[in-house]
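Chain residues, written in single-letter form:
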Amino acid sequence: AQKITQTQPGMFVQEKEAVTLDCTYDTSDPSYGLFWYKQPSSGEMIFLIYQGSYDQQNATEGRYSLNFQKARKSANLVISASQLGDSAMYFCAMREAGANSKLTFGKGITLSVRP
Amino acid sequence: ETGVTQTPRHLVMGMTNKKSLKCEQHLGHNAMYWYKQSAKKPLELMFVYSLEERVENNSVPSRFSPECPNSSHLFLHLHTLQPEDSALYLCASSQIEDSFTDTQYFGPGTRLTVL
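1. Remarks on the overall build of chain A
Looking only at helices and strands, chain A has zero helices and twelve strands in total. Taking 13 Å as the expected radius of gyration for a compact globule of 115 residues, we find that chain A reaches 14 Å, a close match to that expectation. Taken along the three principal axes of its C-alpha coordinates, chain A extends 45 × 30 × 20 Å. The proportion of buried residues among the 115 residues of chain A is 47%. As presented, chain A carries roughly 5500 Å² of accessible surface, and 48% of it is formed by carbon and sulfur atoms. Side-chain charges in chain A split into 11 positive and 10 negative, and the spacing between the mean points of these groups amounts to 4 Å.

2. Details of the environment of Ser-42 of chain A
All names here are of chain A. With respect to the element layout, Ser-42 can be found in the loop between β5 (32-39) and β6 (46-52). Judged by its relative accessible area of 43%, Ser-42 is partly exposed. Spatially, the C-alpha atom of Ser-42 lies 18 Å from that of Lys-107, the residues being 65 residues apart in sequence.

3. Re the pairing of strand β9 (residues 74-79) of chain A
Residue and element names in this part refer to chain A. Counting buried residues along β9, five of its six residues qualify, which places the element largely inside the surrounding structure. Relative to β9, strand β3 (residues 19-21) runs antiparallel, the two sharing three bridges. Looking across to β9, one finds that Thr-20 is bridged to Val-78. Once strand β8 (residues 64-69) ends, the chain turns through four residues before running back antiparallel as β9, passing Lys-73 with a positive phi of about 55°.

4. A closer look at the pairing of strand β3 (residues 18-25) of chain B
All names here are of chain B. Direction of pairing for strand β1 (residues 4-7) relative to β3: antiparallel, over a ladder of four bridges. Paired with Val-4 across the strands is Gln-25, a residue of β3. Alignment of β3 against strand β8 (residues 73-79), held across seven bridges, turns out to be antiparallel. From the neighbouring strand, Leu-21 faces β8, where its bridge partner is Leu-76.

5. Some points on the state of the cysteines
Counted by the stated rule, this structure contains two disulfides over all chains. Disulfide pairing places Cys-23 of chain A opposite Cys-92 of chain A at an S-S distance of 2.0 Å. Taking the sign of the torsion about the S-S bond as the criterion, the disulfide between Cys-23 of chain A and Cys-92 of chain A, at about -65°, is left-handed. Of this pair, Cys-23 of chain A sits in the loop between β3 and β4 (24-25) while Cys-92 of chain A sits in strand β10 (residues 88-96), and the two are 69 residues apart along the sequence. There is no split in this pair, since Cys-23 of chain A and Cys-92 of chain A are both buried. One disulfide bridge connects Cys-23 of chain B with Cys-91 of chain B, the sulfur atoms lying 1.9 Å from each other. Since a negative S-S torsion denotes a left-handed disulfide, the Cys-23 of chain B-Cys-91 of chain B link at about -75° is left-handed. Taken together, the residues Cys-23 of chain B in strand β3 and Cys-91 of chain B in strand β9 (residues 87-94) connect sequence positions 68 residues apart. Relative accessible area serves as the criterion here: at 0%, Cys-91 of chain B is assigned to the buried category. The structure places no disulfide on Cys-68 of chain B, whose sulfur is separated from the nearest cysteine sulfur, that of Cys-91 of chain B, by 9.1 Å. By relative accessible area, which is 12% here, Cys-68 of chain B ends up buried.

Analysis parameters
- Residues numbered from 1 in each chain as written.
- Chains lettered and ligands numbered in written order.
- Predicted model: local features only at pLDDT ≥ 70, side-chain atom pairs only at ≥ 80, totals over all residues.
- Heavy atoms only, no water.
- Helix = DSSP H or I, 4+ residues; strand = E, 2+ residues; numbered from the N terminus.
- Rg over C-alpha atoms; globule rule 2.2 N^0.38 Å.
- Buried < 20%, exposed > 50% of the residue type's maximum accessible area, 1.4 Å probe, protein only.
- Areas by Shrake-Rupley, 256 points an atom, 1.4 Å probe, with all protein chains shown as cover.
- Lys, Arg positive; Asp, Glu negative; His and termini not counted.
- Charge placed at Lys NZ, Arg CZ, Asp CG, Glu CD.
- Pairing = 2+ DSSP bridges.
- Disulfide = S-S within 2.5 Å.

What follows is the structure, given as structure tokens:
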């Protein structure tokens, strides 16, 4: 079964508006971490934000926030005040507890910011 | 240099060539990773080194040979590759502390083309 699901096709947003990128996950482990990465066309995978399964509050990092709904197993990324430089692929990933646990990535979502 | 660096950024090689990819992390981390990213596929974990010992070999063909001489350097030696090995190869590092919170930081990747 797929552990990370990102089903949105290419997303478009107008510059300066907010956008939500969806991510659902599947795990039976009560301890896990959720990550979002940005990959511009240059290829580098840039870490954006982290949410732990026991965190009581939604994570925020500047213009990025994570809408964490544990019961629904969703961890959507919200980008506020979109900028042209936000155009990229965005990947959701999860790591369960345990030293040998792998970081599992979703297939990614393409975001295009329109001027 | 800061973060994770990779060289070369681009590589074109024939099927009979031997080449090596290099990764260096300047973050003081104790684990390093090789990932393969092919078009329209999720990121695939290839190898994991923790404290300079290989702890994961994700069913990777023997034509890919990793080497981790110390905690800061990671190599991927390539020989007799196939055209389907053409992909973006990403290196990452993290500080593993037996939890799910460690964040992997990625290098810019090497775009490999096998002719």
